[in-house]
Amino acid sequence: MNHFALTIVGRDRPGIVSQVTKILFNQGCNLADSSCSILGGQFAMILILGHPEFTNLESFGEAFKPLQETDLTVALRVLKPGGQTRSQIEGDICMISVYGSDKPGIVYRVAEVLGEKQVNITDLNTKLVGTEERPVYVMVIEAALPEGVEEEDVNGWLAPIRDDLQIDITVRIIPTVEL
Amino acid sequence: MAVRPILLYPDPMLKQVAKSVEELDETVVAVVQDLVDTMIDAGHSVGVAAPQIGVLRRVVVVDVSKSKLGKENNHGLLEMVNPEIIEKSGSTTMREGCMSVPDYTGNVTRPDHIVVEFTDRTGQLRVIEATGFEAVAIQHELDHLDGMLFLDRVSSLKTDLYRRKGK
């Protein structure tokens with residue numbers, strides 16, 4: 001089985017998912033992990049898929065043409081063997097909520113600190129909310145903390161950004177429980 | 001007295017609604033004991049529900065006293081027949097894993113304060129107030145009696161659902 005990462009983006013409307021998955025089904029693809037969401041006015045799909053024979057974009061032939069004809073942008077990435085499986089993520093799971101009046105650099109400043117401290121961001125979503133006069137930026141990060149790192153440590157690392165950018169940041173660890 | 005194998009999803013038994021216990025006879029006591037034995041055998045897990053060992057009756061056991069999160073705040077070993085949550089409030093999120101759904105964990109938000117009524121193995125009616133991890137554990141086990149898995153409660157698969165780190 002060869003694996004691919006497929007991304008599809010286009011103006012949101014009902015029917016995109018069915019249009020895309022019908023093609024993939026007819027081609028004999030297996031869908032594995034996927035994430036599809038509305039971002040702004042666009043619908044964005046990211047799919048990891050497998051196919052027993054296909055090896056590259058050419059293998060799909062004209063299959064994606066109907067998508068392009070309906071103004072969807074299609075990109076296919078061929079994965080190296082093993083590229084479809086997630087590496088083991090260790091460490092406590094932590095949610096970081098960041099929000100404040102919109103200004104440049106919020107995402108970068110927070111991500112920079114987390115990257116330096118080897119915090120593995122596993123999910124990140126941002127949204128511009130509020131009114132046109134008073135735009136508010138909201139970001140929610142899910143991250144895996146390195147061994148031994150506590151909630152207070154993350155709070156401490158982010159405190160200078162909180163003061164600098166006048167934004168609110170809360171950090172909370174989600175305990176993992178075996179039931 | 002026996003350690004019973006834990007059923008794994010997609011065993012259909014895990015999606016059924018368990019029947020109330022009408023009479024607390026020796027078969028019920030035997031189920032309670034099997035649940036305790038099975039819980040302790042599973043590296044002292046914090047709870048097991050009867051459907052997980054293939055018994056469709058409303059019986060669960062919970063004991064968070066041996067776990068890091070629950071050792072400060074618990075009622076010790078709870079053997080619950082026909083448990084019913086009569087009050088709930090607050091909210092807490094934990095990343096839950098389940099012996100019947102191995103290798104996956106997901107974020108579940110539940111009330112963090114509950115009042116639960118049940119009959120113990122001696123036939124005594126009890127009402128307890130549980131908070132924090134104990135409250136979460138009780139609700140997780142009670143869900144099994146209604147054919148609910150934590151998978152029914154995760155709000156988003158986005159990254160909510162992870163392969164759990166190896167034991």
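As the structure is a computational prediction, the values presented were derived from the model and not from experiment.

Draft legend 1. Region of the structure containing the sheet that holds strand E6 (residues 113-119) of chain B. Residue and element names in this part refer to chain B. In space, the 5 strands of this open sheet follow the order E1-E2-E3-E6-E7, with antiparallel pairing throughout. Of all the strands in the sheet, the pair left with one neighbour each is strand E1 (47-49) and strand E7 (125-131). In this sheet, neighbouring strand axes are inclined to one another by 35° on average, regardless of whether the strands run parallel or antiparallel.

Draft legend 2. Seen up close, helix H1 (residues 26-41) of chain B. All names here are of chain B. If you check H1, its first and last C-alpha atoms are 22 Å apart, about what 16 residues at 1.5 Å a residue would give, namely 22 Å. For H1, the complete set of buried residues consists of Val-28, Val-31, Val-32, Gln-33, Asp-34, Leu-35, Val-36, Asp-37, Thr-38 and Met-39. The positive-phi residue at the C-terminal boundary of H1 is Gly-43, with phi of around 60°.

Draft legend 3. Looking closely at the nonpolar core. Core analysis: the biggest nonpolar cluster contains 23 residues, and Leu-179 of chain A together with Val-60, Met-80, Ile-128, Phe-133 and Ile-138 of chain B have the highest contact counts within it. If you list the elements that add at least two residues to this core, you get strand E2 (59-62), strand E3 (78-89), E6, E7 and helix H2 (132-145) of chain B. Broken down by element, this core gets its largest block of residues, 7 residues, from H2 of chain B. Contacts of Val-60 of chain B, omitting those with residues within four sequence positions, involve Leu-35, Val-48, Ala-49, Leu-78, Glu-79, Met-80, Pro-83, Glu-141, Leu-142 and Leu-145 of chain B. One finds Ile-96, Leu-114, Met-139 and Val-154 of chain A within the second-largest nonpolar core, a separate group that totals 21 residues.

Draft legend 4. Representation of a negative patch on the surface. Residues and elements named next belong to chain A. A contiguous patch of negative charge, built from Glu-90, Asp-92, Glu-147, Glu-150, Glu-152 and Asp-153, is present on the exposed surface. Here Asp-153 is to be found in helix H4 (residues 151-165). On the basis of relative accessibility, which here comes to 32%, the residue Asp-153 falls in the partly exposed class.

Draft legend 5. Spatial organisation of the packing of helix H3 (residues 106-116) of chain A against H4 of chain A. All names here are of chain A. Here H3 crosses H4 at 160°, and the two axes come no closer than 9 Å. On the basis of their axis angle, the class for H3 and H4 is roughly antiparallel. At the point where H3 passes H4, the crossing takes the right-handed sense. Here Ile-106, Arg-109, Val-110 and Val-113 of H3 lie close against H4, whose contacting residues are Trp-157, Leu-158, Ile-161, Asp-164 and Leu-165. Here the contact of H3 with H4 is composed, by residue class, of 7 nonpolar, no polar and 2 charged.

Draft legend 6. Spatial organisation of the environment of Asp-71 of chain A. All names here are of chain A. Here Asp-71 lies in the loop between helix H2 (65-69) and strand E4 (73-78). When its relative accessible area of 62% is taken as the criterion, Asp-71 is described as exposed. For Asp-71, the residues in contact, after removing those within four places along its chain, are Val-9 and Gly-10.

Draft legend 7. Looking closely at the sheet that holds strand E7 (residues 135-144) of chain A. All names here are of chain A. If you trace the 4 strands from one edge of the open sheet to the other, you get E6-E7-E5-E8, paired in antiparallel fashion. Both edges of this open sheet fall to strand E6 (120-130) and strand E8 (168-174), since each of them pairs with a single strand only. Here the strands of the sheet are splayed against their neighbours by 15° on average, with no regard to which way each runs. Strand direction decides the pairing type here: E6 and E7, joined by 10 bridges, are antiparallel. In the strand pairing of E7, Val-129 is matched with Val-136. Sheet strands in contact with H3 are strand E5 (93-101), E6 and E7, and its direction is about 20° off that of E7. Contacts from H4 reach E5 and E8 within the one sheet, and its direction differs from that of E8 by about 165°.

Draft legend 8. The domain arrangement of chain A, seen in detail. Domain parsing of chain A yields domain 1 (2-78) and domain 2 (93-174). Spacing between the C-alpha centres of domain 1 of chain A and domain 2 of chain A amounts to 31 Å.

What counts, and at which threshold
Residues numbered from 1 in each chain as written. Chains lettered and ligands numbered in written order. Predicted model: local features only at pLDDT ≥ 70, side-chain atom pairs only at ≥ 80, totals over all residues. Heavy atoms only, no water. Pairing = 2+ DSSP bridges. Helix = DSSP H or I, 4+ residues; strand = E, 2+ residues; numbered from the N terminus. Axes fitted to C-alpha atoms, helices over the stretch in contact; angles between N-to-C directions. Expected span 1.5 Å × (residues − 1). Buried < 20%, exposed > 50% of the residue type's maximum accessible area, 1.4 Å probe, protein only. Core = buried A, V, L, I, M, F, W, Y, C linked by side-chain atoms within 4.5 Å. Contact = heavy atoms within 4.5 Å. Patch = residues over 30% accessible without salt bridge, like charges linked within 9 Å, V, L, I, M, F, W, Y side chains within 5 Å. Areas by Shrake-Rupley, 256 points an atom, 1.4 Å probe, with all protein chains shown as cover. Salt bridge = Lys/Arg side-chain N within 4 Å of Asp/Glu carboxyl O. Lys, Arg positive; Asp, Glu negative; His and termini not counted. Charge placed at Lys NZ, Arg CZ, Asp CG, Glu CD. Parallel < 35°, antiparallel > 145°, perpendicular 65-115°, else oblique. Left-handed = near helix turned anticlockwise from the far one by under 90°. Nonpolar A, V, L, I, M, F, W, Y, C, P; charged D, E, K, R; others polar. Domains from an automatic or database assignment.

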